[in-house]
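Report on the structure
Listed below are the residues making up each chain.
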Amino acid sequence: MSGSDNYEVQWSGSAGSKLFGSYVIGSRSVSIPLRVEKVATTLPYKITFSAPKNALISAAGATLNQGAVEIKIFRNGSECGKVTMVGSGAMANQVCQ
């Protein structure tokens, strides 16, 4: 299937907390390398981008003070995926397939 989807990744938590995270744009084809982008900013933060249809998108994030970080990924305006890690010291991590 050709074409692309529009994505928005949102990181939220304690406003003003320093965020250290990343997002990954992957392909189901092993011949296409993963694209990893670093995020170093303050909460809340969001980024928008386009990716090929059937891309695998994931995002992770943590704060220095171990405050909670919530991540949401939207594909074409609809939220997808669920947080896959929680707990003290664990980075928030979410995947959209």
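Residues numbered from 1 in each chain as written. Predicted model: local features only at pLDDT ≥ 70, side-chain atom pairs only at ≥ 80, totals over all residues. Heavy atoms only, no water.

Okay, the overall build of the protein next. From N to C terminus, the protein includes zero helices and eight strands. In the protein, the order of α-helices and β-strands from amino to carboxyl end is β-β-β-β-β-β-β-β. Counting only residues that meet the buried cut, the protein has 32% of its 97 residues in that class. Considering only residue pairs separated by 6 or more positions, the protein has 64% of its internal contacts joining residues 24 or more positions apart. As displayed, the protein has an accessible area near 5,900 Å², and 53% of this comes from carbon and sulfur atoms. (Helix = DSSP H or I, 4+ residues; strand = E, 2+ residues; numbered from the N terminus. Buried < 20%, exposed > 50% of the residue type's maximum accessible area, 1.4 Å probe, protein only. Contact = heavy atoms within 4.5 Å. Areas by Shrake-Rupley, 256 points an atom, 1.4 Å probe, with all protein chains shown as cover.)

One can find S17 in the loop between β1 (4-13) and β2 (18-26). Judged by relative accessible area, which is 12%, S17 ranks as buried. Non-local contacts of S17, meaning those with residues more than four positions away in its chain, are made with T41, T42, L43, T63 and N65.

Okay, the pattern of salt bridges next. Throughout the structure, instances matching the rule amount to three salt bridges. D5 is paired through a salt bridge with K53; the nearest N and O atoms lie 2.8 Å apart. With D5 in strand β1 and K53 in the loop between β4 (45-52) and β5 (56-63), this residue pair connects regions lying 48 residues apart in the sequence. Take D5: its relative accessible area is 6%, and that puts it in the buried class. A relative accessible area of 29% places K53 in the partly exposed class. (Salt bridge = Lys/Arg side-chain N within 4 Å of Asp/Glu carboxyl O.)

Let us look at the confidence of the model for the protein. Across the protein, the average pLDDT comes to 85, with 87% of residues at 70 or higher. The secondary structure element of the protein with the lowest average pLDDT is strand β8 (residues 92-96), at 73, and the one with the highest is β4, at 95. (pLDDT = per-residue confidence, 0-100.)

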